[in-house]
Amino acid sequence: AAQPTTAKRMPMSTLPRQEWWPWALIALGVAALYVPSFYVLLRGLWSTDQQAHGPIVLALSIWLAQRRWGEVMRMPAAPMPALGWPLLLVSLVLHMLGRSQDILLFEIGSLIPVLIAVLLIMKGPQAIRPMAFAFFLMLFMIPLPGVVVDTLTHPMKMGVSVVAEHVLHAIGYPMGRNGVMLQIGQYQLLVADACAGLNTLFALEAMGLVYLNVVQHESLGRKIALALLIVPISFAANVIRVMVLCLITYHFGDEAGQGFLHGFAGIVLFVAAIFMMVAADSM
C-alpha cells in the first residue's frame, strides 16, 4: 500500500519526471539569460564598494525562494497563460534592450517579471504569493542610474558629515568640516558614497527586511514600524562608521584609516545596524 507523504518540502528529485523536466528546462533558460549578466556585474560594478551588496542580496533572494519552493510545487496548477505570455515577451524585450544598450536597470530588472511570468504560465497567480518577498528583495540588487544615485546620495552624505562632526567635536576632538570633507587634527577625510550613500541604505534596508522575514512577527504594526525604523538605523550606522574611520585616522595615521581598518569600519557598519535593529525590535 502506498504511504502518504507528510514532508513539508518536495525536493525536485522526488517529483515525477513529467513534472520536474519542464522546470529544469526553464532553469537552464533563465541561467542562459542572466548568468552572463551577473558574471559581468561580479567582475565590474558588484566588485566596487558602492554596489558590493548586490551579490549578497541575490544570494539571500535565492535562499528565500528555495525555502518556499516546496509550497509552490504542492499547489494545484491553475495556469494563466493569457497574462503570463505577454508579460514574458515584454520582459525578454526589456532584457535584450538592456543587454544591447548596456542599461542595467532593464537588463537586471527584467529578471523579476520573467520569473513572475513563468509562475503565471506554469502554476498560476497563487504561486506568486510564496515568492513575493524574494522577488521584492531582488529589487535591492538592481543597479540604479548614476544620476539618481548621485542626486539622492549627496544630501545623505551631508547629513552624515554634519552629525559625525558635531558628535566628535562634542567629545573633545579637534573637528572641522567643509561640505562632506571632514578635518580631524592634521588629517582630511572625504565622506565617500560608499560610506553614506544610497547603496549603503539599500544594503541595510535589504538586511533589515530579511531579518523581519526570518523572525516572522504576527503583528503587522510591528513589522511596519521596524521596516520604517531601518531608515534612521541605516543613517545612525553610517554615522558610526564615519566616526570610527575618523578616530582610526586620528590615532593611527592616514595609512591605517585607508588600509585594512577601512574595511573593518565597513564591518562595524553592519554590526552596529544589526545591534540597533535587534534593540529596536526588543523595545
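This text goes with the structure placed above it.
Now for a quick tour of the structure. (Residues numbered from 1 in each chain as written. Predicted model: local features only at pLDDT ≥ 70, side-chain atom pairs only at ≥ 80, totals over all residues. Heavy atoms only, no water.)

1. A few points about the overall build of the chain
Phase 1 of the analysis: Counting its secondary structure elements, the chain contains 12 helices and 3 strands.
Phase 2 of the analysis: Considering only contacts within the chain whose residues lie at least 6 apart along the sequence, 73% involve residues at least 24 apart.
Phase 3 of the analysis: Surface summary for the chain: the accessible area is close to 15400 Å², and the carbon and sulfur share equals 69%. (Helix = DSSP H or I, 4+ residues; strand = E, 2+ residues; numbered from the N terminus. Contact = heavy atoms within 4.5 Å. Areas by Shrake-Rupley, 256 points an atom, 1.4 Å probe, with all protein chains shown as cover.)

2. Points about the packing of helix α2 (residues 53–74) against helix α6 (residues 128–138)
Phase 1 of the analysis: Across the interface, α2 lies against α6 with an axial gap of 8 Å and an inter-helix angle of 170 degrees. Considering the angle they form, α2 stands roughly antiparallel to α6. Counted together, V57, L60, S61, L64, A65, R68, W69, E71 and V72 of α2 and P130, M131, F133, A134, L137 and M138 of α6 form the full contact between these two elements.
Phase 2 of the analysis: Residues belonging to the contact of α2 with α6 are distributed by class as follows: 12 nonpolar, 1 polar and 2 charged. (Axes fitted to C-alpha atoms, helices over the stretch in contact; angles between N-to-C directions. Parallel < 35°, antiparallel > 145°, perpendicular 65-115°, else oblique. Nonpolar A, V, L, I, M, F, W, Y, C, P; charged D, E, K, R; others polar.)

3. Looking at the sheet that holds strand β2 (residues 181–184)
Phase 1 of the analysis: With antiparallel pairing, 3 strands are arranged side by side in an open sheet as β1-β2-β3. At either end of the open sheet lies a strand with only one pairing partner, and these are β1 (175–178) and β3 (187–190). Along the sheet, successive strands turn relative to each other by an average axial angle of 25 degrees, direction set aside.
Phase 2 of the analysis: Looking at chain direction, β1 and β2 are connected through 4 bridges and run antiparallel. (Pairing = 2+ DSSP bridges.)

4. So, the nonpolar core
Phase 1 of the analysis: Residues F38, L111, L119, L137, F140 and M141 are the most contacted members of the largest nonpolar core, which totals 45 residues.
Phase 2 of the analysis: Looking at this core, the elements with two or more residues in it are α1 (17–43), α2, α5 (111–122), α6, α9 (198–215), α10 (220–252) and α12 (260–282).
Phase 3 of the analysis: Non-local contacts of L137, meaning those with residues more than four positions away in its chain, are made with V57, L60, S61, L64, A206 and V210. (Core = buried A, V, L, I, M, F, W, Y, C linked by side-chain atoms within 4.5 Å. Buried < 20%, exposed > 50% of the residue type's maximum accessible area, 1.4 Å probe, protein only.)

5. As for the packing of aromatic side chains
For any pair of aromatic rings, geometry is given as the distance between the ring centres together with the angle between the planes.
Phase 1 of the analysis: For the coordinates displayed, the defined rule picks out 4 aromatic pairs.
Phase 2 of the analysis: Plain terms: the ring middles of W23 and W69 are 5.0 Å apart, the flat faces sit at 90 degrees to each other, and that makes the pair edge-to-face. Note that W23 is positioned in helix α1 and W69 in helix α2, a separation of 46 residues in sequence.
Phase 3 of the analysis: Using a relative accessible area of 9% as the deciding quantity, one classes W23 as buried.
Phase 4 of the analysis: With a centroid separation of 5.4 Å and an interplanar angle of 85 degrees, the aromatic rings of Y173 and Y250 are classed as edge-to-face. Taken together, the residues span a long stretch of sequence, with Y173 in the loop between α7 (146–170) and β1 and Y250 in helix α10 at a distance of 77 residues. (Phe/Tyr/Trp six-rings, centres within 6.5 Å; stacked < 30°, edge-to-face > 60°.)

6. Things to note about the layout of surface pockets
Phase 1 of the analysis: Space inside the largest pocket adds up to approximately 650 Å³.
Phase 2 of the analysis: Forming the boundary of the largest pocket are 21 residues, of which A27, V30, A65, W69 and L115 lie nearest the centre.
Phase 3 of the analysis: Residue assignment for the lining of the largest pocket shows that the elements contributing at least two residues are α1, α2, α5 and α6.
Phase 4 of the analysis: For the lining of the largest pocket, the leading source of residues is α1, giving 8 residues.
Phase 5 of the analysis: Here the residues of the lining of the largest pocket are counted per class, giving 20 nonpolar, 1 polar and no charged. (1 Å grid on protein atoms, 1.4 Å probe; cavity = no way out; pocket = protein on both sides within 12 Å on 5 of 7 lines; lining within 4 Å. Points joined across faces, edges and corners; volume = space filled by probe spheres on them.)

7. What about α7?
Phase 1 of the analysis: Between its terminal C-alpha atoms α7 stretches 36 Å, which fits the 36 Å expected from 25 residues at 1.5 Å a residue.
Phase 2 of the analysis: Approximately 30 degrees is the largest bend angle found in α7, and it occurs at T153, with the proline P155 only one to four residues beyond.
Phase 3 of the analysis: Those residues of α7 not exposed but buried are V149, T153, K157, V160, S161, A164, E165 and L168.
Phase 4 of the analysis: Where α7 terminates, the next one or two residues include G172, which has phi positive at roughly 105 degrees. (Expected span 1.5 Å × (residues − 1). Bend = angle between axes of the 7 residues up to and from the residue.)

8. A few points about α6
Phase 1 of the analysis: Residues of α6 that are buried include every one of P130, M131, A134, F135, L137 and M138, and no others. Each buried residue of α6 lies within a common arc of 155 degrees when the element is viewed along its axis, so the set occupies one face. (Arc of directions from axis to C-beta.)

9. Regarding a nonpolar patch on the surface
Phase 1 of the analysis: On the surface, W20, W21, L25 and L28 cluster together to form a nonpolar patch covering roughly 430 Å² of accessible area.
Phase 2 of the analysis: Relative to the assigned elements, L25 resides in helix α1. (Patch = residues over 30% accessible without salt bridge, like charges linked within 9 Å, V, L, I, M, F, W, Y side chains within 5 Å. Salt bridge = Lys/Arg side-chain N within 4 Å of Asp/Glu carboxyl O.)

10. Let's talk about empty space enclosed by the protein
Phase 1 of the analysis: This structure, assessed with the given rule, holds 1 cavity of 30 Å³ or more.
Phase 2 of the analysis: Its volume calculated, the largest cavity comes out at about 30 Å³.
Phase 3 of the analysis: As for the largest cavity, its lining consists of G208, Y211, L212, L226, I230 and M277.
Phase 4 of the analysis: Breaking the lining of the largest cavity down by element, the ones donating at least two residues are α9 and α10.
Phase 5 of the analysis: Among the elements that line the lining of the largest cavity, the one with the most residues is α9, at 3 residues.
Phase 6 of the analysis: By residue class, the composition of the lining of the largest cavity is 5 nonpolar, 1 polar and no charged.

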